Amino acid sequence: MIFVTGGAGYIGSHTCVELLNAGYDVTVFDNFSNSSPEALVRVQRITGRKLQIIQGDCRDRSALIAALQQSRANAVIHFAGLKAVGESVSKPLNYYDHNVVGALRLLEAMQTCHVQTIVFSSSATVYGDPVYLPITEDHPLSPTNPYGRSKWMIEEILRDAYRSDSLMRICILRYFNPVGAHDSGLIGEDPQGIPNNLMPFIAQVAVGRREHLNIWGNDYSTHDGTGVRDYIHVVDLAIGHIRALAALKNINSAQNDQSSGCMTVNLGTGQGYSVMDVLRAYEKVSGCRIPYQIAPRRSGDIAACYADPQLASQVLGWKARFDLEAMCRDSWRWQSGNPSGYQQ
Ligand code: NAD
Ligand code: UD1
C-alpha cells in the first residue's frame, strides 16, 4: 500500500493513475487546499480501480499516524505542499509551515508507524541560477526564494534522517518543469487564479480564457532570446516515481553502501526549449493562434535550465519518453475538454 500525500494535486493525481495501473494499492492523504476531490473520481474512472481517500493536513501528526495505521502503508510518496514562488516571498512562514513542518510531521508519523520508505518531490529550483549546464545532481545548491529554500531544507532533513537510520529508503526527486496531462483528457493541471507557469497560461490563451501571453524577456543569451527550460511530460514524471519505489525496494541492506539508501535524482528530459519553441509547438497541435507580447524580464528568472538526466537512467532505469509535441497535445486535450478545469 502506497500512502500518497497531496495525491489529488496535479502531479499526485497522475502518479496515482500509474500506481494503480502498476498494481499498487493507494491511499491519498490531502487537505484539498489546492485540488479537487473530482480529480480522484477521475483517477478511479481512468484506471477502473478504487483508492482510499483521507482528508487531512500534513502538519497534523496524529491525523497522519491514524491515516498511516488505517492504510497499512509500507511506503510514502510526499507531494503535499505549497508551490507558488511569488507567494512564498510574501508569505514565507506559511511556506515553511506547510512544506518543512509538514514534512517533519510526516517523518515523525512514519517513524511511529515503522514506515521507512519515502519518495519526496523536490525541485530543480534548489539549484538556483545554474553555474553550468546541463545540471547534474552534484551541482551546488543555491535556492533564491523561500519556496526553493523549503525544498532544500526538507532535502537536508531527509539526508539527516537517513544518517540516523540506514534502514530508511529515501529517494529525493528533483523535477524540472512538469507539463502536459494524461492522454485520456480527464485529469490535468488546474491552477487557481492566474497561472504563473508558462504552459497553463498558454493553454488558457488558446482556449480563450486570456487575451495574450506576456513573454517575460526576449534578451536572454539563448537561441531566440527567450527563457529556456527542461519541460517534462507529467506522465513521464509519474512513471519516475514508480521506478523510484522499485529502485528503493531493490536496495540490499547488506550491501553496506552508506549512500545507496538515500538517493537524489533529477527528473528531466535533458532537452531545453525556449518560450517561443513552446508557443509554436502549442499553436501547431491546437490549431489556435496564440497572441503574445514581449514584456520585461520576470524578477528572479534565469536564462536557461535543463537537466543532466543520466543518473535517473542509471539508478532508476528511467528515461523520459514524451516529446514537446506530446506535452502540448495532451495539455490541449485536457484544456479544451475542461475549459474551467475540474469546475463543471
Ligand atoms: P499541487 O498544488 O497540484 O498539489 C499539491 C497537493 O497537496 C494539493 O492537492 C494540495 O491540496 C495538497 N496540500 C497542500 N498542502 C497540504 C497540507 N499541508 N496537507 C495536506 N495536503 C496538502 O502541486 P503539484 O504541481 O502537483 O506539485 C506536487 C509537489 O511537487 C509539490 O511538493 C511541489 O512543490 C513539487 N513540485 C512541483 C513542480 C511543478 O511545477 N508543478 C515542480 C517541482 C516540484
Ligand atoms: C517556475 C518557478 C520554479 C519552479 C518551476 C516549475 C518562478 C520564478 N520559478 O520556474 O521555482 O520550480 O516554475 O514549476 O516562478 N514565461 C513567460 N510568460 C509567462 C510565464 C512564463 O514568458 O506568463 C516564461 C518564463 O520567463 C520562463 C519560462 O516561461 O522563461 C518558464 O516559466 P515557468 O513555467 O514559470 O517555469 P520556471 O521559470 O522554470
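Described below are features of the structure shown in this document. Each chain carries its own residue numbering, running from 1 in the direction its sequence is written. For this description, chains carry letters from A and ligands carry numbers from 1, given in the order in which they are written. Local features in this predicted model are restricted to residues whose pLDDT is 70 or higher, and side-chain atom pairs enter the listing and the counts only when it is 80 or higher, whereas totals over whole chains, interfaces and linings include all residues. Just so you know, side-chain values use all the structure's heavy atoms and leave hydrogens and water out.

## Observations regarding the overall build of the chain
Numbering of helices and strands starts at the N terminus; helices are DSSP runs of H or I of at least 4 residues and strands are runs of E of at least 2. When helices and strands are tallied, the chain shows 11 helices and 14 strands. In this description the radius of gyration comes from C-alpha coordinates, and the expected globular size is given by 2.2 Å times residues to the power 0.38. Here the C-alpha atoms of the chain give a radius of gyration of 19 Å, agreeing with the 20 Å that 2.2 N^0.38 yields for 344 residues. Projected onto its principal axes, the C-alpha coordinates of the chain cover approximately 55 × 45 × 40 Å. Long-range pairs, those at least 24 residues apart, make up 79% of the contacts in the chain between residues at least 6 apart in sequence. Accessible areas in this description were obtained via Shrake-Rupley with a 1.4 Å probe; residue shielding takes into account the shown protein chains only. Total accessible area on the chain is roughly 14800 Å²; 47% of this is exposed by carbon and sulfur atoms. Here Asp and Glu are counted as negative and Lys and Arg as positive; His is not counted, and neither are the chain ends. Where a charge sits is defined by one atom per residue type, namely NZ (Lys), CZ (Arg), CG (Asp) or CD (Glu). Considering the chain, the positive charge centre built from 30 side chains and the negative charge centre built from 32 side chains are found 4 Å apart. In what follows, a contact means two residues having at least one pair of non-hydrogen atoms within 4.5 Å.

## Description of the packing of helix α3 (residues 61-71) against helix α5 (residues 92-112)
Every angle, taken between N-to-C directions, lies between 0 and 180 degrees, and every axis is a line fitted to C-alpha atoms, over only the stretch in contact when it is a helix. Interaxial distance between α3 and α5 falls to 9 Å at its minimum, and their mutual angle equals 45 degrees. Relative to α5, α3 is oriented oblique. Considering how the two elements wind past one another, α3 and α5 form a crossing that is right-handed. Seen from α3, the contacting residues are Arg61, Leu64, Ile65 and Leu68; seen from α5, they are Arg105, Leu106, Glu108, Ala109, Met110 and Thr112. Any angle that is under 35 degrees is reported as roughly parallel, and any over 145 degrees as roughly antiparallel; angles of 65 to 115 degrees are reported as roughly perpendicular and all others as oblique. Handedness of a crossing is defined here by the sense of rotation of the near helix relative to the far one, left-handed for an anticlockwise turn of less than a right angle and right-handed for a clockwise turn.

## Examining the environment of Gly261
Along the chain, the position of Gly261 falls in the loop between α8 (234-249) and β11 (262-267). Judged by relative accessible area, which is 0%, Gly261 ranks as buried. Considering only alpha carbons, one finds Gly261 and Ala103, 158 residues apart in sequence, at a separation of 19 Å. Throughout, exposure labels follow a simple rule: accessible area from a 1.4 Å probe, protein chains only, divided by the maximum for the residue type, with under 20% read as buried, over 50% as exposed, and the rest as partly exposed.

## Comments concerning the site of ligand 1
Definition of nearness: a residue and a molecule or strand are near each other if at least one heavy atom of the residue lies within 4 Å of the molecule or strand. Close to ligand 1 lie 26 residues, the nearest being Asp30, Asn34, Ser35, Lys83 and Tyr147. Here a polar contact is recorded for every N or O atom pair within 3.5 Å, except that within protein the pair must consist of a potential hydrogen donor and a potential acceptor, and residues adjacent in sequence are included only if both atoms are side-chain atoms. Within the backbone of Gly9, an N or O atom sits 3.3 Å from an oxygen atom of ligand 1. At 2.9 Å from an oxygen atom of ligand 1 is found a main-chain nitrogen or oxygen belonging to Tyr10. In isolation ligand 1 exposes 820 Å². Once the protein is present, 96% of that is buried. Listed by contribution, the elements that provide at least two residues to the shell around ligand 1 are α1 (10-21), β5 (117-123) and α6 (146-164). Considering every element that reaches the shell around ligand 1, the biggest residue donor is β5, with three residues.

## Here we look at the nonpolar core
Counting 44 residues, the largest nonpolar core has Leu173, Leu267 and Leu316 as its most contacted members. For Leu267, the contacting residues outside a window of four places in its chain are Leu173, Arg174, Tyr175, Phe176, Ile232, Leu237, Gly240, Ala312, Leu316 and Trp318. Only buried residues count toward a nonpolar core. Its members are Ala, Val, Leu, Ile, Met, Phe, Trp, Tyr and Cys residues joined through side-chain atoms within 4.5 Å. Membership of the second largest hydrophobic core comes to 29 residues, among which are Phe29, Val100, Val115 and Ile118.

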